[in-house]
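# Geometric and topological summary
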Amino acid sequence: MSKLPQLITTKNCPKCKIIKEYMAQRNFTYEVLEAEKNMKLCRNLGILIAPTMLVHHEDEIEQLIGFEAIQKFVDKYDK
């Protein structure tokens, strides 16, 4: 069973808002994690930029950093 991609966001991030709207338009399913409420996770993974998407593979967590990287990933599944 695979885990949903997780989007790390911040409260005042304009690109976070835009990528959420983009994914909603494409009915892309994901989980939102607010960086402020998940500081330990962000620190452990070295996440310094929002938005960052965590994509869970069998043996690793891929980090997609920034709007453009996340958009490309979403576009691959919007077919």
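For the structure, check the block above.
Everything numeric here is computed off the predicted structure, so don't read it as measured data.

### Points about the sheet that holds strand 4 (residues 61–65)
Pairing in this open sheet of four strands is mixed, and the strands run 2-1-3-4 from one edge to the other. The open sheet has two edge strands, strand 2 (31–34) and strand 4, and neither has a second partner. For this sheet, the mean inter-axis angle between neighbouring strands, taken without regard to orientation, is 25 degrees. As paired elements, strand 3 (residues 52–56) and strand 4 share five bridges and run antiparallel to each other. When the sheet's bridge partners are listed, Met53 is paired in strand 4 with Leu64.

### Let's talk about the side chain of Gln6
Secondary-structure assignment places Gln6 in strand 1 (residues 6–9). If we skip the residues at most four places from it in the chain, Gln6 touches Glu31, Leu33, Thr52, Met53, Leu54 and His56.

### Quick word on the pattern of salt bridges
Summed over all chains, the structure comprises two salt bridges. The closest approach of N and O atoms between Arg26 and Asp75, which form a salt bridge, is 3.9 Å. In this pair, Arg26 is assigned in the loop between helix 1 (14–25) and strand 2 and Asp75 in helix 3 (residues 67–77), connecting sequence segments 49 residues apart. With relative accessibility at 25%, the residue Arg26 sits in the partly exposed group.

### Looking at unusual backbone geometry
Following Ala50, the chain continues into Pro51 via a peptide bond in cis, with omega recorded as 0 degrees. Looking at the element boundaries, Pro51 is found in the loop between helix 2 (39–45) and strand 3. Backbone geometry places Asn27, a non-glycine residue, at a positive phi of 55 degrees. By the element assignment, Asn27 lies in the loop between helix 1 and strand 2.

Reading guide: rules and limits
- Residues numbered from 1 in each chain as written.
- Predicted model: local features only at pLDDT ≥ 70, side-chain atom pairs only at ≥ 80, totals over all residues.
- Heavy atoms only, no water.
- Pairing = 2+ DSSP bridges.
- Helix = DSSP H or I, 4+ residues; strand = E, 2+ residues; numbered from the N terminus.
- Axes fitted to C-alpha atoms, helices over the stretch in contact; angles between N-to-C directions.
- Contact = heavy atoms within 4.5 Å.
- Salt bridge = Lys/Arg side-chain N within 4 Å of Asp/Glu carboxyl O.
- Buried < 20%, exposed > 50% of the residue type's maximum accessible area, 1.4 Å probe, protein only.

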